[in-house]
Structures are given as structure tokens and as C-alpha cells.
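A structural walkthrough
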Amino acid sequence: MSTQLLIGGRFYSASSPDATAMAVSDGTVVWLGAEQPGRALHPDAEIVDLDGAFVAPAFVDPHVHVTALGLKLTGLDLSAARSLEHCLRLLREFAAAHSDGAVLGDGWDETAWPEGRPPTVEEIDAAAGAGRQVYLSRVDAHSAVASSALLDALPELAATDGFTRGEPVRAAAHHVVRAAALAGLTRAQRDRARAAALDHAAARGVVAVHECAGPEIAGRADVRELLEFEHGVQVRAYWGEAVRSAEQARALIDELGVHALGGDLFVDGSFGSRTAWLRAPYADATGCGRSYLDADAIADHVRACTVAGIQAGFHVIGDAAMDAVVAGIERVVAELGGPAVAALGHRVEHAELVDGEHIARLARWGVIASVQPGFDAAWGGPDGMYAARLGAERAAALNPFAAMASAGVALAIGSDAPVTALDPWAAVRAAAAHRTPGHGLSPRAAFAAATRGAWRAGGVRDGVAGTLVPGAPASYAVWDAGELVVAAAADSVQRWSTDPRSRVPGLPALESGAPLPTCLRTVHRGVTIYAK
């Protein structure tokens, strides 16, 4: 048995909040405490001097699109565009520097631009060059703009839902264009993207990600290749395709090798692309968005997965979409019983516009909410995209993390990368510093949702994953962090403490403007997967 003894550190451990040393043997935490007894108990251990660094359970991101994130990291990232003109300049420069093949870009958001509109087909053609195929996905990945060369190569678009000449492609039309754009990539390009994305995750203290794949996202080949791809970051794969029977569910799991049937199984779209399914029309447009699954299809899927013993889930953002999800699950609870449904830990992704009745029922049925605080940080507030799309009153109701947690809904915090950055500490801070008073979590609760809660969302319910206690897997990250503090939620009475006698483990300060921790090392089950 090989043992490492980490000394001279600060450890986030509920069992030993004042520990300065930790022993790890064969991928398992076996002891925490003070350095001197640690040396006595483990005289032959390899000594690792942390020099005051902070050690905490590693993060898990429960909603990621690995290949798409890698393509953004290695290709044309338009999230930095501050105007339409800036976006077109970035496209022009990238196209000039990469003269061969199609141009794939990601991350533009016209709601933050002074022009207030996306690029036109003519502007894309002019920037990239006539005849060049260009696909530029909006930040939410629910619509895109494309060059005339790409659009003209798909004659079926004219009769496809979501296509209007001169506007971004949405819904089914977007899926057709996206599939055509991604089809031009080689396996080597996809693998380079995967390596970049998973390296990026490991460098931010992430040891596992949940890939939210599906037929309209990157297709069967992508998820199969990802599961074959060797990397230290663990991948749990969700497949977003609805089924109607337990036999069909089991067959799909066996065919693809995925772990569950959920993730981005779309009930609706997004607020930014005006495809989230609402009870009442958008404030800045006509219509109530898009519905992709009704309560009947949702009930069929949940029933099939529950009978098959497979975790199910749905992408659900608008209130009408959540109405359908609640109605569908309720039918299955009536048929199979609440305990049978709760035992699987079915999931809802995003769950942004939910009311008190939704929350109460999700809690009663053991449904886990996989949420993205980065959405609120990017688009919340009285002047943000949410308020523009929905009006101030509805926008203020979005992402009620505190209400969900207090009602007993288990939360898992992630990024939906590349939609928002894969940056776990920023997500924890965003959850604690919610733009709507009363909706935020305490930093400790947010950190738990990004660690223990995210493991639980992936079906790991051993009681120790995502913690640093004896018997837990040695999956942790070492951070360069400042003073540790104990704080309540941002909108409650603050109680700051660095006194170890409080027996409450401290976290890095997360208030606005405070520097976030820098990852020095990431370890998964005792194996170092990143070192600075």
C-alpha cells in the first residue's frame, strides 16, 4: 500500500476543519489531522509539503458539452465580441488566418451589443469571403447565423421549422445547419477539441463532467468517440432522446454506452433565442416560444426509464415547459409510486422559471435540479437579457436557488459550457451573489452543490464522494487561495469567522472583486491529472 502525507495545508473537511495534514492511500483518504501525529501514524509515507495551500474536494460539472467547449477553446470564440462590428472583425481575422475548411464560431450575444442585432448572411459572407461555409452559434446554442454557402448547401431548409430567410436559424432548422457544419470535422479535430476541453476542466479543479449529448447536439458518433477518449477527467454521458418503453431505453443505453437518458432532452429552448416555452408571451416579441415535448411524451419517457432502472432528465427552462414536466412526472408517480420515481434521482436541467408548486412537487418526487448560476451572472439584473425578454417581474423570479434548496430540491451546480465558462469558483460565487435578493445560496451550500451535489446528480450516493473525510475517494484540488472565511448567504446577516474553534470549515472569500483561487494541482482518486 502506497501512502502520501500532505502537510502544511488548510483542508476543507467537515470532520476535521482544523486539519493541517491529510493521508491518502491507494486513492482513498485515510486520515486527517495535525502534522505531527500524521508523521507518526504514517512514517513511510511520501511527504508532500503544501506550503499553506488550500485543499478542497474537487469539483464536478454536471452539464457540459465537451467537444463544443473544445472547439470554442481552440477555434473562433465570439464571446469576447463587444459589438456587431467587433464580431465581424473577429470572424474576418479568423477566416484570414485559417484559409481552409469551414469556419465554426461560438458565443455571440447580440443583447450586449450597441447594434442590438446579430450579423446578417451578407455581412458574414463579406467577412469570411464568398463561398466559405460559416456556422456561428449564438451563446445559448439554440440558434445560429450561417453563411449563404452553408445555407444553400441545404435545400431542405426552406421547408424546415425554424427557418426564415434573413433571420438566425432556430429549432429544427438550427439542428440541420449545426449537423451539417459539424459533419465537416475530422476525428483528429474532434479529439483535439476534447483534449483541450478536458485539460481545461482539470486545470480548474474539475475531476468529472456530465456530457449532455443528443441527436440534435453533436450526434451519436460524437458521444461514442468521447466515451472512448482517454483522459484523467471522468465523463458521465447523458443522451437526450425520448423513449416510450423500458426495452427501448435499455436498447439505447446498450447501443451508445451512455449512462442515462436525460441532459439536453429538450422540452423547450432558451430565453435568448426566444424558444423557451412560456405561459405568457415574451415581452419583446410575439409568441410563447417552442414546445418540443408534451406531458404525454414526458410521462412515457419517465415511465420507461423508471421501469428500466435508468436515470431520466429533461432540459426545461420556461414555466410552461416546467408545467409539462411536472404533469408528466405526476402521472408516473400515480402509476408506479413516489418511492420508485425518487429512487432514480431523475433530473431537470436549468429549471429557470419555476414557481412554488413546481418546487414542492420536484422536492416530493426526489427530482434533482442541475442549475447554472453563470446564467444569472451573465443575463440577470434589471438591465439584463432576462428583463428584456420577459419583463422585470418575470425576470426577477428566475433561478430561485434558495427556494429550491429550502424546499428540499437537491441542487447540482454546473456551467453548460461552452454557454458559460467552465469556472467552478465563479459559479459558486454567482450562486451566492444572485442578482435577485433572496434567491442566493450561502457559499457553503453553493460549494456543496458543485461538489457533493454534483456527484449525487450523477448517481453517486455513497455519502462520502465530494468530501474530504476518511474513507472518501481522494479526489481533491489544491488551490492558491487567500484567507479563508465562513459566511452566510449574501443577502442575509453576515457572520464572518476565521476562528478554528467554530468547527466550520472556511472557504476562500467570494465577494465581488475578490480574486478567485488558482488551481495548483488536481487529483482524481489519488492520481494527479493536472499540476501547474
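Going by what an unreviewed UniProt entry lists, the protein is known as Amidohydrolase and is assigned to Nocardia beijingensis.

Re the overall build of the protein
Across its full length, the protein holds 20 helices and 23 strands. Relative to the globule expectation of 24 Å for 532 residues, the C-alpha radius of gyration of the protein, 23 Å, shows essentially globular dimensions. Along the first, second and third principal axes, the C-alpha set of the protein runs to 75 × 60 × 50 Å. For the protein, the residues scored as buried account for 57% of the 532 residues in total. In the protein, the proportion of contacts linking residues at least 24 apart, taken out of those at least 6 apart, comes to 72%. Accessible area for the protein stands at about 20,400 Å²; split by element, carbon and sulfur atoms hold 52% of it. Looking at charge distribution, the protein has the averaged site of its 44 positive side-chain charges lying 2 Å from that of its 61 negative ones.

Section: the state of the cysteines
Tallied over the entire structure, the rule returns 0 disulfides. Here Cys-212 stays unpaired: no disulfide links it, and the sulfur of Cys-305, its closest cysteine neighbor, is 14 Å away. With a relative accessible area of 0%, Cys-305 lands in the buried category.

Here's the deal with the pairing of strand S13 (residues 206-213)
With 8 of 8 residues buried, S13 lies mostly within the body of the structure. Alignment of strand S7 (residues 59-64) against S13, held across 4 bridges, turns out to be parallel. Bridged to Asp-61 within S13 is Val-209. Sheet topology note: the S13/strand S14 (residues 234-239) ladder contains 6 bridges and is parallel. Bridging from a neighbouring strand, Val-209 pairs with Val-235 of S14. As a crossover connection, the stretch from S13 through helix H8 (residues 219-228) into S14 is right-handed.

Here we look at unusual backbone geometry
Cis rather than trans, the peptide bond between Ala-417 and Pro-418 has omega equal to 15°. Even without glycine at this site, Asp-26 takes up a positive phi of about 45°. One can find Asp-26 in the loop between strand S3 (21-25) and strand S4 (28-33). Phi at Asp-51 is positive, roughly 50°, even though this residue is not glycine. Structurally, Asp-51 can be placed in the loop between strand S5 (46-49) and strand S6 (54-57). For Asp-51, a relative accessible area of 70% translates into the label exposed.

What to know about the pattern of salt bridges
Taken as a whole, this structure holds 33 salt bridges when the rule is applied. One salt bridge connects Glu-85 with Arg-89, and the closest N-O pair in it is separated by 3.0 Å. With Glu-85 and Arg-89 both in helix H3 (residues 84-97) and 4 residues apart, this pair spans about one turn of that helix. Given the relative accessible area of 32%, Arg-89 is considered partly exposed. Ionic pairing is found between Arg-361 and Glu-357, a salt bridge with its closest N-O pair at 2.6 Å. Of this pair, Arg-361 and Glu-357 both sit in helix H13 (residues 356-364), 4 residues apart, which is roughly one turn of that helix. Judged by relative accessible area, which is 42%, Glu-357 ranks as partly exposed. Linked through salt bridges whose partners overlap, the residues forming this network are Asp-109, Glu-110, Arg-138, Asp-140, Arg-274, Asp-284 and Arg-389.

Observations concerning the sheet that holds strand S9 (residues 103-108)
In spatial order, the strands read S8-S9-S10-S11-S12; together these 5 strands make up an open sheet with mixed pairing. Whereas interior strands pair on both sides, the edge strands pair on one side only; in this sheet they are strand S8 (76-77) and strand S12 (169-170). Relative to strand S11 (residues 143-146), strand S10 (residues 134-138) runs antiparallel, the two being bridged by 3 bridges. Looking at S11, one finds that Tyr-135 is bridged to Ala-146.

Some words on the packing of H8 against helix H9 (residues 246-256)
Running from amino to carboxyl end, H8 crosses H9 at an angle of 60°, the nearest separation of the two axes being 10 Å. The angle between the axes of H8 and H9 places the two elements in the oblique class. In this structure, H8 uses Arg-220, Val-223, Arg-224 and Leu-227 to contact H9, whose residues at the interface are Leu-252, Glu-255 and Leu-256.

Topic: the packing of aromatic side chains
Any aromatic ring pair is given by two values, namely how distant the centres are and how the planes are angled relative to each other. For the structure shown, the criterion picks out 10 aromatic pairs. For the pair Phe-59 and Phe-447, a centre-to-centre distance of 5.5 Å together with 75° between the ring planes defines the contact as edge-to-face. With Phe-59 in strand S7 and Phe-447 in helix H19 (residues 443-450), the pair connects residues that are 388 residues apart, well separated along the chain. Overall, Phe-59 belongs to the buried group, its relative accessible area being 1%. Pairing Trp-425 with Phe-447 gives two aromatic rings, centres 5.4 Å apart and planes at 20°, and the pair type is stacked. Separated by 22 residues along the polypeptide, Trp-425 in helix H18 (residues 424-432) and Phe-447 in helix H19 bring together distant segments of the chain. For Trp-425, a relative accessible area of 2% puts it in the buried group. Its relative accessible area of 2% is what places Phe-447 among the buried residues. Put simply, the rings of Tyr-12, Phe-59, Trp-425, Phe-447 and Trp-479 touch in pairs and so form one group of aromatic residues.

Description of the sheet that holds strand S2 (residues 10-11)
What holds strands together in a sheet is hydrogen bonding between their backbones, with the strands either parallel or antiparallel. Across the sheet, 5 strands lie side by side as S2-S6-S19-S22-S23; this open sheet has mixed pairing. Edge positions in the sheet fall to S2 and strand S23 (527-531), since each of these pairs with one other strand and no more. Where S6 meets strand S19 (residues 476-480), 4 bridges bridge the pair, whose relative direction is antiparallel. The residue bridging Ala-56 from the neighbouring strand is Ala-477, located in S19.

Focus on the packing of helix H2 (residues 66-74) against helix H7 (residues 187-202)
Packing of H2 against H7 leaves a shortest axis separation of 7 Å and a crossing angle of 90°. Compared by their axis directions, H2 and H7 come out roughly perpendicular. Here Val-66, Thr-67, Leu-69, Gly-70, Leu-71, Leu-73 and Thr-74 of H2 come into contact with H7, specifically with Arg-190, Ala-193, Arg-194, Ala-196, Ala-197, Leu-198 and His-200. Across the contact of H2 with H7, the residue classes break down as 8 nonpolar, 4 polar and 2 charged.

A short note on the pairing of S6
Where S2 meets S6, 2 bridges bridge the pair, whose relative direction is parallel. Looking across to S6, one finds that Phe-11 is bridged to Val-55.

Analysis parameters
Counting restarts for each chain, with residues numbered from 1 along the sequence as it is written. Totals for whole chains, interfaces and linings use all residues, but because this is a predicted model, local features are given only for residues with pLDDT of at least 70 and pairs of side-chain atoms are given and counted only at 80 or more. The basis for every side-chain value is the complete set of non-hydrogen atoms in the structure, without hydrogens or water. Under the DSSP-based scheme used, a helix requires at least four consecutive residues in state H or I and a strand at least two consecutive residues in state E, with every element numbered from the N terminus. With C-alpha atoms as the basis for the radius of gyration, the globule rule is written as 2.2 Å multiplied by the number of residues raised to the power 0.38. For each residue, the accessible area found with a 1.4 Å probe, counting protein chains only, is set against the maximum for its type, and the residue is called buried under 20%, exposed over 50%, and partly exposed in between. We call two residues in contact when some of their heavy atoms are within 4.5 Å. For the area figures, the Shrake-Rupley method with a 1.4 Å probe applies, and any residue is considered shielded solely by the protein chains shown. All tallies of charge rest on Lys and Arg as positive and Asp and Glu as negative; His and the ends of each chain are not included. Where a charge sits is defined by one atom per residue type, namely NZ (Lys), CZ (Arg), CG (Asp) or CD (Glu). Disulfides are defined as pairs of cysteine sulfur atoms found within 2.5 Å of each other. In short, DSSP must find at least two bridges between two strands for them to pair. We call a crossover right-handed when, viewed with both strands directed away from the observer, the connection leading from the first strand over the helix to the second proceeds clockwise. Think of a salt bridge as a Lys or Arg side-chain nitrogen and an Asp or Glu carboxyl oxygen that are within 4 Å of each other. Note on definitions: angles span 0 to 180 degrees between N-to-C directions of axes, and those axes are lines fitted to C-alpha atoms, for helices only across the stretch in contact. Oblique is the label for every angle not falling under 35 degrees (roughly parallel), over 145 degrees (roughly antiparallel), or within 65 to 115 degrees (roughly perpendicular). Pairing of aromatic rings covers Phe, Tyr and Trp, the last counted by its six-membered ring, and requires centre-to-centre distances within 6.5 Å; plane angles under 30 degrees mean stacked, over 60 mean edge-to-face, and any other angle means tilted. Each residue is assigned to one class: nonpolar for Ala, Val, Leu, Ile, Met, Phe, Trp, Tyr, Cys and Pro, charged for Asp, Glu, Lys and Arg, and polar for all the others, Gly among them.

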